[in-house]
Amino acid sequence: TDGVVEANNKDDKLFGENGLIDALNLTMGTPQELETVVLNTVKDFQGKRPQFDDITMLCVKYLERQ
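Everything numeric here is computed off the predicted structure, so don't read it as measured data. (Residues numbered from 1 in each chain as written. Predicted model: local features only at pLDDT ≥ 70, side-chain atom pairs only at ≥ 80, totals over all residues. Heavy atoms only, no water.)

A. Region of interest: the side chain of Asn 8. Tracing the chain through its elements places Asn 8 in the loop between helix H1 (2–5) and helix H2 (16–24). Excluding residues that lie within four positions of it along the chain, Asn 8 makes contacts with Lys 13, Leu 14, Phe 45, Gln 46, Arg 49 and Phe 52. (Helix = DSSP H or I, 4+ residues; strand = E, 2+ residues; numbered from the N terminus. Contact = heavy atoms within 4.5 Å.)

B. Examining the pattern of salt bridges more closely. On inspection of all chains with the given rule, the structure shows two salt bridges. In this structure, the salt-bridge partner of Asp 11 is Lys 10, at a minimum N-O distance of 3.5 Å. What makes Lys 10 exposed here is its relative accessible area of 67%. (Salt bridge = Lys/Arg side-chain N within 4 Å of Asp/Glu carboxyl O. Buried < 20%, exposed > 50% of the residue type's maximum accessible area, 1.4 Å probe, protein only.)

C. Just the packing of H2 against helix H3 (residues 31–46), in detail. Here H2 crosses H3 at 135°, and the two axes come no closer than 9 Å. Relative to H3, H2 is oriented oblique. The element H2 and its partner H3 pack so that their crossing is right-handed. Contacts between H2 and H3 pair Leu 20, Ala 23 and Leu 24 from the former with Leu 34, Val 37, Val 38 and Thr 41 from the latter. Residues of the contact of H2 with H3, tallied by class, amount to six nonpolar, one polar and no charged. (Axes fitted to C-alpha atoms, helices over the stretch in contact; angles between N-to-C directions. Parallel < 35°, antiparallel > 145°, perpendicular 65-115°, else oblique. Left-handed = near helix turned anticlockwise from the far one by under 90°. Nonpolar A, V, L, I, M, F, W, Y, C, P; charged D, E, K, R; others polar.)

Put into structure tokens, the structure is as follows:
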């Protein structure tokens, strides 16, 4: 949701789409690992700044049809 890209830090800087892309590129693991990495990256970016919006993420793994 927009809660990820609109998360901001103490300097009122937005996490943004580039922050999300960078976080997504940190792991090639399972959907659960990807979700954890993105959420932790957002939390690290925010520091002690309180979360003002919800964060909803859906991570899926595509399985090719054989």
